[in-house]
Amino acid sequence: MSHHKIYKHMGFVTEFKEFISKGNVLDLAVGVIIGASFGKIVTSLTDDILMPILSFLTGGKDFTDWFIALDGSNYNTLKAAKDAGAATVNFGLFLTAVIDFLLIAFAIFWLVKLANRFKKPAVVVVTEPAATKDQVLLMEIRDALRSRT
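Given the structure is predicted, the values throughout are model-derived calculations rather than measurements. (Residues numbered from 1 in each chain as written. Predicted model: local features only at pLDDT ≥ 70, side-chain atom pairs only at ≥ 80, totals over all residues. Heavy atoms only, no water.)

**Comments concerning the overall build of the protein chain**
As a reminder, the rule being used: The secondary structure listing takes helices from DSSP runs of H or I that are at least 4 residues long and strands from runs of E that are at least 2 residues long, numbered from the N terminus. Radius of gyration: C-alpha atoms only; globule rule: 2.2 Å multiplied by the number of residues to the exponent 0.38. Burial status follows relative accessibility: with a 1.4 Å probe on protein chains alone, a residue under 20% of its type maximum counts as buried, one over 50% as exposed, and anything between as partly exposed. Residue contacts are defined here by distance: any two heavy atoms, one from each residue, within 4.5 Å place the two residues in contact. The protein chains shown are the only cover counted for residues, whose accessible areas, like all others here, come from Shrake-Rupley with a 1.4 Å probe. Only four residue types enter the tally: Lys and Arg on the positive side, Asp and Glu on the negative side, with His and both chain ends excluded. To locate a charge, take atom NZ for lysine, CZ for arginine, CG for aspartate or CD for glutamate.
The helix and strand tally for the protein chain stands at five helices and two strands. When the helices and strands of the protein chain are placed in sequence order, the string is α-α-β-α-β-α-α. On C-alpha atoms alone, the protein chain measures out to a radius of gyration of 32 Å, which is more than a quarter above the 15 Å that the 2.2 N^0.38 rule sets for 149 residues. With respect to the three principal axes, the spread of C-alpha positions in the protein chain is 105 × 65 × 30 Å. When the 149 residues of the protein chain are sorted by exposure, 12% land in the buried category. Considering only residue pairs separated by 6 or more positions, the protein chain has 41% of its internal contacts joining residues 24 or more positions apart. In the structure as shown, the protein chain presents an accessible area of about 12700 Å², 68% of it carried by carbon and sulfur atoms. Separation between the mean location of the 16 positive side-chain charges and that of the 14 negative ones in the protein chain comes to 9 Å.

**So, the nonpolar core**
Just so we agree on the cut-off: What we call a nonpolar core is a set of buried Ala, Val, Leu, Ile, Met, Phe, Trp, Tyr and Cys residues that are connected through their side-chain atoms within 4.5 Å.
Residues Phe67, Ala69, Tyr75, Leu78, Ala81 and Ala86 constitute the largest nonpolar core, which totals six residues. With near-sequence residues (within four places) excluded, Tyr75 lies in contact with Phe67, Ala69, Ala80, Ala81, Ala84 and Ala86. In this structure, Val42, Met51, Ile99 and Leu103 belong to the second largest nonpolar core, which totals five residues.

**Focus on the confidence of the model for the protein chain**
Here is the rule we go by: Per-residue confidence from the prediction method is given by pLDDT, with values spanning 0 to 100.
With 91% of its residues at a pLDDT of at least 70, the protein chain reaches an overall mean of 82. When pLDDT is averaged over each helix and strand of the protein chain, the minimum, 70, is found for helix 1 (residues 3-21) and the maximum, 94, for strand 2 (residues 88-89).

**What to know about a nonpolar patch on the surface**
Put simply, the rule reads: What goes into a patch is any residue over 30% in relative accessible area without a salt bridge, connected to like charges within 9 Å or, for nonpolar side chains (Val, Leu, Ile, Met, Phe, Trp, Tyr), within 5 Å. A carboxyl oxygen of Asp or Glu within 4 Å of a side-chain nitrogen of Lys or Arg is what we treat as a salt bridge.
Residues Leu45, Ile49, Ile53, Phe56 and Leu57 make up a contiguous nonpolar surface patch of about 540 Å² in total accessible area. By the secondary structure assignment, Phe56 is in helix 2 (residues 23-57).

**Regarding the packing of aromatic side chains**
Our working definition: Ring pairs are drawn from Phe, Tyr and Trp, using the six-membered ring of Trp, whenever the two centres fall within 6.5 Å, and their geometry is named by plane angle: stacked under 30 degrees, edge-to-face over 60, tilted for the rest.
Taken as a whole and judged by the stated rule, the model has three aromatic pairs. Plain terms: the ring middles of Trp66 and Phe91 are 6.4 Å apart, the flat faces sit at 50° to each other, and that makes the pair tilted. Taken as a pair, Trp66 in the loop between helix 2 and strand 1 (68-69) and Phe91 in helix 4 (residues 91-118) lie far apart in primary sequence, 25 residues in all. Residue Trp66 is classed as partly exposed on the basis of its relative accessible area, which comes to 22%. The exposure class of Phe91 is partly exposed, given its relative accessible area of 38%.

**Details of the pattern of salt bridges**
Counting across every chain of the model gives two salt bridges. Note that Asp83 and Lys79 form a salt bridge whose closest N and O atoms lie 3.0 Å from each other. Of this pair, Asp83 and Lys79 both sit in helix 3 (residues 78-83), separated by four residues, roughly a single helical turn. Judged by relative accessible area, which is 57%, Asp83 ranks as exposed. Measuring nitrogen to oxygen at the nearest pair gives 3.3 Å for the salt bridge that ties Arg142 to Asp143. Judged by relative accessible area, which is 40%, Asp143 ranks as partly exposed.

**Overview of the side chain of Thr88**
Formally: Any pair of nitrogen or oxygen atoms within 3.5 Å is treated as a polar contact; in protein, a donor-acceptor pairing is required on top of that, and neighbouring residues in sequence qualify only through side-chain atoms on both sides.
The topology assignment puts Thr88 in strand 2. Engagement of the side chain of Thr88 in a polar contact is seen with the side chain of Lys82, the distance being 3.3 Å. A polar side-chain atom of Thr88 sits 2.7 Å from a polar atom in the side chain of Asn90. With residues near it in sequence (within four places) discarded, Thr88 still touches Phe67, Ile68, Ala69, Leu78, Ala81 and Lys82.

**Regarding helix 4**
Side chains of residues three or four places apart in an α-helix project in the same direction, reflecting 3.6 residues per turn. Under the convention used in this document: Working rule for helices: expected span equals 1.5 Å times residues minus one.
The terminal C-alpha atoms of helix 4, which comprises 28 residues, lie 41 Å apart, in line with the 40 Å expected from a rise of 1.5 Å per residue. Every buried residue of helix 4 is listed here: Gly92, Thr96, Ile99, Asp100 and Leu103.

Here is the structure:
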């Protein structure tokens, strides 16, 4: 390996280390990990709590089994339709995805509201703007006139 290739390789490694060590990348990694865990909670909330309630309200039919088979046949479950190779419009699954999204958005809204409540307010320091050359000249004239009397 030539000296030039080694130098380029070391530059890449150094640049990569700098990129990885930046706060934004680490914050993003933490956000992705927490987001994945949060997604599991929301999925459980939807599948294990809300969907059974919706299923009960709709007469006991499984919410995810709301579909239309495009081949005109009648299947009891989505799995049966898929096993038969039928093309299906799965509006129950779509509705589940919409409910998941709304739950996640609602939870994030409350999480941000809660975080903002605990965030320390930014300290605002009010400073006088520096006087312009014209203002300095006028103040000198004013002071000179005052000292004459």
